[in-house]
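# Observations on the three-dimensional arrangement
Read off the chains here:
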Amino acid sequence: EKLLLVDGSSYLYRAYHALPDLTSPSGQPTGAIYGVLTMLQKLIKEEQPDYLAVIFDRPEKTFRHQLFPEYKANRQTTPEDLISQIEPLHKAIKNLGLPLIAQAGVEADDIIGTLAIAAEKKQISVLIATGDKDMAQLVSNNICMIDSMKEARLGPSEVKEKFGIGPELIVDYLTLAGDASDNIPGVEKVGPKTAVNWLTEHNDIDTIIEKADEFKGKVGEYLRAGIEQLKLSRKLTEIKKDVKLDFGIEDLAV
């Protein structure tokens, strides 16, 4: 059995930027709507999932904003011509008979993480359709990322090939290097290459923190100065897998 989880928010933004400014005869912007619906129908036809959900972020702030008020503070305001497409897109998805999920207080990532792990425990294989690199932390032998816009599929070996470390270290990797797209600070002057080198040598971020005094030079100073921030950044980066949902996998049957 197969569960397909579509990161609706990720695909909405990507469709908006990838497609021209399409409009209906009345002037209503439709490019993002057309892009997401086309992608959904293509995915369903190709993957033939037994279970399916399309998950969106909600506009309210989440628990991450409570932990770190500057979370995603660097994001530009959502364009009006994109905002006007969200409600019609949601309506179209529901009218196609596809389960649409959005929950206040958490992000789409957290709902996807919760459903993916629940399905894996039931020995259901999981496909996560997204362009979001954060999702790589969920990848396992039974959970795969698929980027239909790039015709790419990422299992554990592909994640290691792309990032230099396996899925189990993606949270630590993003915590050390920071995530500019979400405004999550990492260790100053530590980029992806240094993060991979440190994790390859020391296995995980807890060991790096324990051995912080052994790191030489300026970068060692930055590491020691940023330890408390690292602990916070890890909480911001890690996808929740225990969101309380009022439905089960069986309710997502196609």
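The following paragraphs examine the structure supplied in this document. Counting of residues starts from 1 at the beginning of each chain's written sequence and follows it residue by residue. For a predicted model such as this one, the threshold for reporting local features is a pLDDT of at least 70, and the threshold for listing and counting side-chain atom pairs is 80 or more; totals across whole chains, interfaces and linings nevertheless cover every residue. Water and hydrogen atoms play no part in the side-chain values, which are based on all heavy atoms of the structure.

## Digging into the overall build of the chain
Scanning the chain from N- to C-terminus turns up 11 helices and six strands. Only C-alpha atoms enter the radius of gyration, while the globule expectation follows 2.2 Å times N to the 0.38, with N the number of residues. In terms of overall dimensions, the chain is globule-like: its C-alpha atoms have a radius of gyration of 19 Å, near the 18 Å expected for 254 residues. By its C-alpha atoms, the chain is 65 × 40 × 35 Å across when sized along the principal axes. For the chain, buried positions account for 47% of its 254 residues. By the convention used here, residues are in contact when the closest approach between their heavy atoms is within 4.5 Å. A fraction of 70% describes how many contacts in the chain between residues 6 or more apart in sequence connect residues 24 or more apart. Element-wise, carbon and sulfur atoms account for 49% of the exposed surface of the chain, whose accessible area totals about 13200 Å². Positive: Lys, Arg. Negative: Asp, Glu. His and the chain ends are not part of the count. The atoms used to mark charge sites are NZ of Lys, CZ of Arg, CG of Asp and CD of Glu. When the 30 basic and 40 acidic side-chain charges of the chain are each reduced to a single mean position, those positions are 2 Å apart. Segments assigned H or I by DSSP are reported as helices when at least four residues long, segments assigned E as strands when at least two residues long, and all are numbered from the N terminus. Burial status follows relative accessibility: with a 1.4 Å probe on protein chains alone, a residue under 20% of its type maximum counts as buried, one over 50% as exposed, and anything between as partly exposed. Computed by Shrake-Rupley with a 1.4 Å probe, the accessible areas treat only the displayed protein chains as cover when residues are assessed.

## Let's talk about the pairing of strand E2 (residues 51–55)
Taken residue by residue, a regular strand's side chains alternate between the two faces of the sheet. Burial analysis of E2 places five of its five residues in the buried class, the great majority of the element. Side chains Tyr-51, Ala-53 and Ile-55 project from E2 onto one buried face, and the interleaved Leu-52 and Val-54 project onto a second face that is buried too. In this scheme, strands are said to pair when DSSP sees at least two bridges between them. The sheet contact formed by E2 and strand E3 (residues 100–101) spans two bridges and is parallel. From the neighbouring strand, Ile-55 faces E3, where its bridge partner is Ile-101.

## Some details on the environment of Val-6
Tracing the sequence through the fold places Val-6 in strand E1 (residues 2–7). Residues Val-6 and Leu-252, spaced 246 residues apart in sequence, show a C-alpha to C-alpha distance of 12 Å. Apart from residues lying up to four places away in sequence, Val-6 is in contact with Tyr-11, Met-39, Leu-40, Leu-43, Leu-52, Ala-53, Val-54, Ile-55 and Ala-129.

## Notes on the nonpolar core
Core analysis: the biggest nonpolar cluster contains 50 residues, and Leu-3, Leu-5 and Leu-176 have the highest contact counts within it. Per-element accounting of this core gives the leading share, seven residues, to helix H5 (residues 108–121). Contacts of Leu-5, omitting those with residues within four sequence positions, involve Ala-53, Ile-55, Ile-112, Leu-115, Ala-116, Val-126, Leu-127, Ile-128 and Ala-129. Ranked by size, the runner-up nonpolar core spans 24 residues in total, among them Ile-33, Leu-40, Leu-52 and Leu-127. Here, the term nonpolar core denotes a set of buried Ala, Val, Leu, Ile, Met, Phe, Trp, Tyr and Cys residues that are joined through side-chain atoms within 4.5 Å.

## Here we look at the pairing of E1
Counted residue by residue, E1 has five buried out of six residues, so it is predominantly covered. Both E1 and strand E4 (residues 125–129) contribute to a ladder of five bridges, which runs parallel. Counted as the bridge partner of Lys-2 is Ser-125 from E4. In this structure, E1 lies alongside E2, joined through five bridges in parallel fashion. Residue pairing for E2: Leu-3 is matched across the bridge by Tyr-51.

## Regarding unusual backbone geometry
Positive phi, normally seen in glycine, also occurs at Gln-48, with a value near 50°. With respect to the helices and strands, the residue Gln-48 is situated in the loop between helix H2 (31–47) and E2. Even without being glycine, Asn-183 reaches a positive phi, approximately 60°. Tracing the backbone shows Asn-183 in the loop between helix H7 (170–177) and helix H8 (192–202). With a relative accessible area of 27%, Asn-183 lands in the partly exposed category.

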